[in-house]
Structures are given as C-alpha cells and as structure tokens.
Amino acid sequence: MIVTSFDENDALYLVRNLDEFDQNKALKNGLRSALNVFKRKGQMNLKERMLYHGKHTYALENSFLTRIKRNKLGGLSGFRRSTKWVQYSNAGNHAHLVDLGTKPRYTKSGAYRGIMPANHFWTDAFASEEPKAVNVMYDAIKRNVERINARR
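Residues numbered from 1 in each chain as written. Predicted model: local features only at pLDDT ≥ 70, side-chain atom pairs only at ≥ 80, totals over all residues. Heavy atoms only, no water.

(A) Spatial organisation of the overall build of the protein. Helix and strand counts for the protein stand at four helices and four strands. Order of helices (α) and strands (β) in the protein, N terminus to C terminus: α-α-β-β-α-β-β-α. For the protein, restricting intrachain contacts to residue pairs at least 6 apart in sequence, the fraction spanning at least 24 positions comes to 60%. Only carbon and sulfur atoms are counted for the fraction: they give 52% of the accessible area of the protein, which is about 10300 Å². (Helix = DSSP H or I, 4+ residues; strand = E, 2+ residues; numbered from the N terminus. Contact = heavy atoms within 4.5 Å. Areas by Shrake-Rupley, 256 points an atom, 1.4 Å probe, with all protein chains shown as cover.)

Written out as structure tokens, the structure is:
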C-alpha cells in the first residue's frame, strides 16, 4: 500500500479491533517509526551540507530528538535544547538559524555581525520524506497489530 497523505481515520481503521491500550501502543509505535524517518533524513542533510564549514563539534547532529506524546495521539520531531555529549551546548537552540539562515546583522553601534546563509536541512527533510514517513507509519502499525493479534 503506497499512500501520499496521512489520514487519521485510516490509521484508526487498522486498529479498530484492538482494546484501547493495545490501540495506543500500536499507534505510538507507528508514529515513532515515522518520526525517525524525518530525524534520519535531517541528520543526513545536515552532514552533507555542513561538510568542511567551520569547527565541527557534532553538537547539532547529536541534538536531534523525537518524542511521542503521553496522553494524546501525536508526536514531535525536533531538537534538544542542550545535548548530553557536549556540556553547556545550546546546539538545539540555534537549529532554526542554521536551517532558515539570517539577514545581515548589525549592532546598535553599527558593528557588522555577519550573515548565516540558509541551509534548509530540516525543511527539505520534511518536504522530501513525508510520503515515505506515512507509508512507514502504516506498515509499522500493521506489523504491531499482527504481532498483538498473534499473541492472543
């Protein structure tokens, strides 16, 4: 099954015969798989586009994060505010600046502070991987439903 857009009713249709606890477990595993697609593509884009540009500490690459909501159906994919690997690193805090870039900046006294060209590693990851993530999510939900039904 190849799907290009996500429909919540399709995902709920796959888990309709399970009890609520198993439904949530299957859906959350599917969401986790889909979010990992975005995370991996974002990391690959960043590695390709930041090659040989400045000091490379891997702090931004290590700050990628996926989280599944506890009480609702949903998840988040983004960046940690600080990483475990680099102490006192604010790598996730400046991810939007690396992705979208900045205009030329000047202080109040007129000192030039530079420009950050747009990298688009994160926006391109979402644009290019959306159909793949939807298919991976549906496949993961199907696998989990089959596994849960086999246990019964």
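And the narrative resumes.
(B) Broad picture of the environment of N36. Of note, N36 is situated in helix α2 (residues 20-49). Residues N36 and S77 lie 41 residues apart in sequence; the distance between their C-alpha atoms is 8.1 Å.

(C) Structural context of a nonpolar patch on the surface. On the surface, a cluster of nonpolar side chains totalling about 350 Å² of accessible area is made up of Y106, Y112 and I115. With respect to the helices and strands, I115 occurs in the loop between β4 (112-114) and α4 (121-151). (Patch = residues over 30% accessible without salt bridge, like charges linked within 9 Å, V, L, I, M, F, W, Y side chains within 5 Å. Salt bridge = Lys/Arg side-chain N within 4 Å of Asp/Glu carboxyl O.)

(D) Examining the environment of L65 more closely. Looking at the element boundaries, L65 is found in strand β1 (residues 64-68). In the structure, L65 is positioned 15 residues away from R80 in sequence and 6.1 Å away in space, judged by C-alpha atoms. Other than its neighbours up to four places away in sequence, L65 contacts L76, S77, G78, F79 and R80.

(E) Just the side chain of N119, in detail. Following the sequence through the fold, N119 ends up in the loop between β4 and α4. Not counting chain neighbours up to four residues away, the residues in contact with N119 comprise L46, R49, M50, V98 and D99.

As far as function goes, none of this settles anything; it's purely spatial.
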